[in-house]
Amino acid sequence: MKALQIAEGIYDVGATDWNVRDFHGYSTDKGSTYNAFLIIDEKITLIDTVKEEFTEQMMEKIASVIDPKKIDYIISNHTEMDHSGALPRVVHRIGKDTPVYCSKMGLKNLSAHFGNKINFRAVADGEELSLGKRTLQFFETRMIHWPDSMFSYLKEDKILFSSDAFGQHYAGPEHFDDQIGEAIMPHAKKYFANILWLFAPMIKGLLTKLNGLNLPIEMICPDHGILWRDNPAKIVETYAEWCELQPQQNKALVIYDSMWHSTEAMADEIVAGLTAEGMVAKPMNLRHCHRSDVVTEAFDAKAIVVGSPTLNNGLFPTVADFLTYLKGLKPKNKQAAAFGSYGWSGEAPKLVAEQLAGMDLEMVEDPLRVQYVPDQEGCESCYEFGRRIAQAMK
Ligand SMILES: Cc1cc2nc3c(=O)[nH]c(=O)nc-3n(C[C@H](O)[C@H](O)[C@H](O)COP(=O)(O)O)c2cc1C
Ligand SMILES: [Fe+2]
Ligand SMILES: [Fe+2]
């Protein structure tokens, strides 16, 4: 398999994972890519590697450009194994002493993953490494999204190798932003909502630091998805917007599961009530919508209304799953309410409300319960509940 030249003497030697559909619990319905980059200079440099099972694909791509044994330096921008899994085999193949440059935290984390047999070398924030005609400069980007994450900036070519930042889980025929256009943005947003939401305050700081450095950037090469060469500023500006965590003022989501459609009927009535008051509202059934898609929708919603039937005195498992996932993402600036159908003890709506309140969301209504199948009066109460939530959103 041949490497793709992305700039003069710079190649993408990464792998496309067309078939991955579950990436540690994130639904990757378009697959993903593990981008890795080869720079041909006096010192031949490999930036990041791939998931272990794609080692051969990467080696083949490298071999289409040069003899892999000629690689002088490896840069590891991020320890997570989708980018470092191939490291031991690559190092074994090209020479055990090949230096692997990483951040200070990277030294600790890579050693914890792979032991001390690899020649890891820590670089300081801002440190430079000459490759001959070109220079790489490293910037610590802690917690975007691991403690060891860093960016590598190729000064002469004005290329930022940004690791997981600005990436998207997307495998397609396109390689660059100009080839796909706006269609890539929902994937970038899903990535941000699911992986970076909780770090938004830190990313905001990093973007400020990056702006302050005034680095001219002609291309951003993340480790997943398409490369930004037509308009790299666009994704940086969009990240800055996302970091503000400002909801769309009129957007509400009604998120639920249901065993016998009663909680579902409640959800539909609540949506109707919200819509009647001018909100953009929609139901999302957790059995049919993946938690990572629900979170992507919830990311910029102003209000989330979460419903669960009572099951064995507790929450329905998919709702518990969703609430656990959402809590970890540290949602902010949102209103919330809880509801659900029950039969006899009816604990679920209160439990949902407690969890949402525990996330520091503003509870705008007491939990709403309907016994068994909602009758006309039950439906009315849900519709009015939706209308009142909409009033609170205004
Ligand atoms: C396996 C099972 C366990 C249940 N456990 C409880 C319970 O502990 N307390 C309760 O109030 N209702 C319980 N119910 C009754 C449901 O909450 C009730 O049927 C409700 O209307 C279901 O709403 P749904 O159609 O949205 O699933 C249980 C129902 C099932 C099928
Ligand atoms: Fe990662
Ligand atoms: Fe990654």
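Note that the structure is a prediction, hence the values are computed from the model and not measured.

A. Geometry of the sheet that holds strand β10 (residues 100-103). Strand order across the open sheet formed by seven strands is β1-β2-β7-β8-β9-β10-β11, with mixed pairing between neighbours. One side of each edge strand has no neighbouring strand; the edge strands of this open sheet are β1 (4-7) and β11 (120-123). In this sheet, adjacent strand axes meet at a mean angle of 30° when their direction is disregarded. Relative to strand β7 (residues 37-39), strand β2 (residues 10-12) runs antiparallel, the two sharing three bridges. Bridge pairing in β7 places Ile10 opposite Ile39.

B. View of the environment of Ala200. Turning to its location among the elements, Ala200 is positioned in helix α7 (residues 200-213). For Ala200, a relative accessible area of 0% puts it in the buried group. Each C-alpha atom, one on Ala200 and one on Thr28, is 22 Å from the other, the two residues being 172 residues apart in sequence. Once residues lying within four places of it in the same chain are set aside, the contact partners of Ala200 are Phe192, Cys243 and Leu245.

C. Region of the structure containing the coordination of the iron ion (ligand 2). Those protein atoms acting as donors to the iron ion (ligand 2) are His78 (NE2), Glu80 (OE), His145 (NE2) and Asp164 (OD), and they sit at 1.9 to 2.3 Å. Metal-centred angles of 88 to 169° between the four donor atoms at the iron ion (ligand 2) mark the site as irregular. Sequence positions of the donors to the iron ion (ligand 2) reduce to the motif H-x1-E-x64-H-x18-D. The metal-metal distance between the iron ion (ligand 2) and the iron ion (ligand 3) is 3.2 Å, with Asp164 serving as a donor to both.

D. Representation of helix α1 (residues 55-63) within the structure. What α1 keeps buried is the set Thr55, Gln57, Met58, Met59, Lys61 and Ile62. Its buried side turned inward, α1 meets β2, β3 (15-17), β7, β8 (44-47), β9 (71-75) and α3 (87-94).

E. Region of interest: the site of ligand 1. Met259, Thr263, Asn313, Ser341 and Ser345 are the nearest of the 18 residues found near ligand 1. Here an oxygen atom of ligand 1 sits 2.4 Å away from a polar atom, N or O, in the main chain of Met259. Residue Ser345 places a side-chain N or O atom 2.7 Å away from a nitrogen atom belonging to ligand 1. If ligand 1 stood free it would expose 640 Å²; the protein chains cover 84% of that surface. Breaking the shell around ligand 1 down by element, the ones donating at least two residues are α9 (262-276) and β20 (335-342). Partitioned by chemical class, the residues of the shell around ligand 1 number seven nonpolar, eleven polar and no charged.

About the cut-offs
- Residues numbered from 1 in each chain as written.
- Chains lettered and ligands numbered in written order.
- Predicted model: local features only at pLDDT ≥ 70, side-chain atom pairs only at ≥ 80, totals over all residues.
- Heavy atoms only, no water.
- Pairing = 2+ DSSP bridges.
- Helix = DSSP H or I, 4+ residues; strand = E, 2+ residues; numbered from the N terminus.
- Axes fitted to C-alpha atoms, helices over the stretch in contact; angles between N-to-C directions.
- Buried < 20%, exposed > 50% of the residue type's maximum accessible area, 1.4 Å probe, protein only.
- Contact = heavy atoms within 4.5 Å.
- Donors = N, O, S within 2.8 Å, 3.2 Å for Na, K, Ca; no water.
- Tetrahedral: all angles 85-135°; square planar, octahedral: opposite > 155°, others 65-115°.
- Near = heavy atom within 4 Å.
- Polar contact = N/O pair within 3.5 Å; in protein donor to acceptor, adjacent residues only side chain to side chain.
- Areas by Shrake-Rupley, 256 points an atom, 1.4 Å probe, with all protein chains shown as cover.
- Nonpolar A, V, L, I, M, F, W, Y, C, P; charged D, E, K, R; others polar.

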